[in-house]
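Residues per chain, in single letters:
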Amino acid sequence: MEIIHIYHTNDVHSHLKRWPRIQNFLTSRRPYHEEAGEEFLLFDIGDFIDRWHPLSEATHGQGNIELLNKSGYTAVTIGNNEGINFPYEVLNHLYDNSDFDVLVANLYNSRKQHPSWLKPYKIYQTKGGTRIGVIGLTAHFSLLYELLGWKLTEPIEELNKWMKPLKDESDIIILLSHLGLNHDEQIAAEFPEIDVILGGHTHHTLPEGKCVGNTLLAGAGKHGRYVGHVTLQVHDREPISQQAQLYNVMELPAIPAEKVISKELFGRGKKLLNRKITTLKEELPYDPFQETELARILCQALREWCDADCAFINGGLILGPLSGTVTAYDLLTICPHPINPCKIKLTGRELKEVLLETKAESWPQRQIVGLGFRGSIMGVSVYNGITFKENNAIYINEKELDLEKNYTLAVPDMFTFGHFFKGVFPNMKKEYFLPEFLRDLLQWKLQK
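Residues numbered from 1 in each chain as written. Predicted model: local features only at pLDDT ≥ 70, side-chain atom pairs only at ≥ 80, totals over all residues. Heavy atoms only, no water.

Colleague: Please give an account of the sheet that holds strand 19 (residues 381-384) that cites residues and values.
Modeller: Across the sheet, five strands lie side by side as 19-16-23-18-24; this open sheet has mixed pairing. Two strands close off the open sheet at either side, each with one partner strand: strand 19 and strand 24 (430-432). Geometrically, the sheet is characterised by an average inter-axis angle of 25 degrees between neighbouring strands, direction not taken into account. Taken together, the three bridges between strand 18 (residues 341-347) and strand 24 define a ladder with antiparallel strand orientation. Each residue of the ladder has a partner; that of Lys343, found in strand 24, is Glu431. (Pairing = 2+ DSSP bridges. Helix = DSSP H or I, 4+ residues; strand = E, 2+ residues; numbered from the N terminus. Axes fitted to C-alpha atoms, helices over the stretch in contact; angles between N-to-C directions.)

Colleague: Outline the sheet that holds strand 7 (residues 131-138), supporting the account with residue identities and numerical values.
Modeller: Reading across the sheet, the six strands line up as 6-7-9-10-12-11 and stay open at both edges, with mixed pairing between neighbours. Every other strand in the sheet has two partners, leaving strand 6 (121-125) and strand 11 (210-212) as the edge strands with one partner each. Along the sheet, successive strands turn relative to each other by an average axial angle of 25 degrees, direction set aside. Relative to strand 12 (residues 215-219), strand 11 is paired through three bridges, and the arrangement is antiparallel.

Colleague: Describe the environment of Phe43, and please don't skip the residues or the numbers.
Modeller: Inspection of the secondary structure puts Phe43 in strand 2 (residues 39-44). Classification of Phe43 as buried rests on a relative accessible area of 0%. Residues Phe43 and Gln447, spaced 404 residues apart in sequence, show a C-alpha to C-alpha distance of 42 Å. Those residues in contact with Phe43, other than ones at most four positions away along the chain, are Ile6, Tyr7, His8, Thr9, Tyr73, Thr74, Ala75, Val134, Leu176 and Leu198. (Buried < 20%, exposed > 50% of the residue type's maximum accessible area, 1.4 Å probe, protein only. Contact = heavy atoms within 4.5 Å.)

Okay, structure coming up:
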């Protein structure tokens, strides 16, 4: 009888306040299990890196890789925050110094080859001779990957392609899935050969796992609140029992000076970002519920960058004021979102429908979670090239909106991901601008 312990994290998103405690726990578990003659594997399921954190931004993710190395990870897969929030060359060298394997079966370069820094899957062999095949898949944001120079294939089709070699070479199959719980359930039903799916992307928390057929699904929430642990009992290289549990990180043993350590990680990034962008003659205040000059500057930058007829943003994108000497850290602080510019072609009729929705009385108070947004509230709508006159008459660049004419509208890309303007945006042609974030546009405009 063999006992295999599999620990996993997902969607930490650079929330590193708890990381010293997590790292202490993980590095203590390996010797504990090995002394008992048991196997230890450790995986991250993606979105470990998030560029809102100064360390992640300043080091292009290399600071996060150091943390994974120190914690002794076996392998990781990538999430969309690693995959589409860095320029091509940054991702292509992100894992140059990693001490762990990177497993992503559905990511290829422009030559339709897997880049040298990843493998689609890997076989790990226990001391008892059990072969554990581990494969990784990441969420199918194919258009955004292509704009950055990558090719991303449909994950379930890709999994189908690798199942035969995995079955031939493995006794146990584990999927690292940055696809979300619905996809994990679908895969478990369609691929009963998979023994364990360690999941992420939808931030699902499965305290005791979830069985779909004979496949065990596990998920550890988000932001480092939990560490997952799957235990497999194996007899004659066949799993005979499987169990999942979660550890609440705040109930794990505290370590000396853990707050100091997490502050040092933050401070290291802040120091690296302390480079001057510009000097302002007057303060630019912020207020999510007022149309401020700072929000107007960002909205104008968005329209100009996209070369669009008009633009709008939500005031809640700006999280603080600017004054005096403005540094890269200041811009990250007030605009931490990994949100890209997007241009959409609309008829006047469609544009009117969208703009009237942004004027709804309840709009400024809407709470926003996810979609790259790192604030909390929508805030007022701020426009460039758009004017509302009596009886909600709309003017585009001082000319009354023509319902039959075509217009181009620039927006933050979060408005295009299916949660807003559902009657218009889903079927529209969209042009995304990568790898620039909104704060890059703000820097460009302030320096002009």
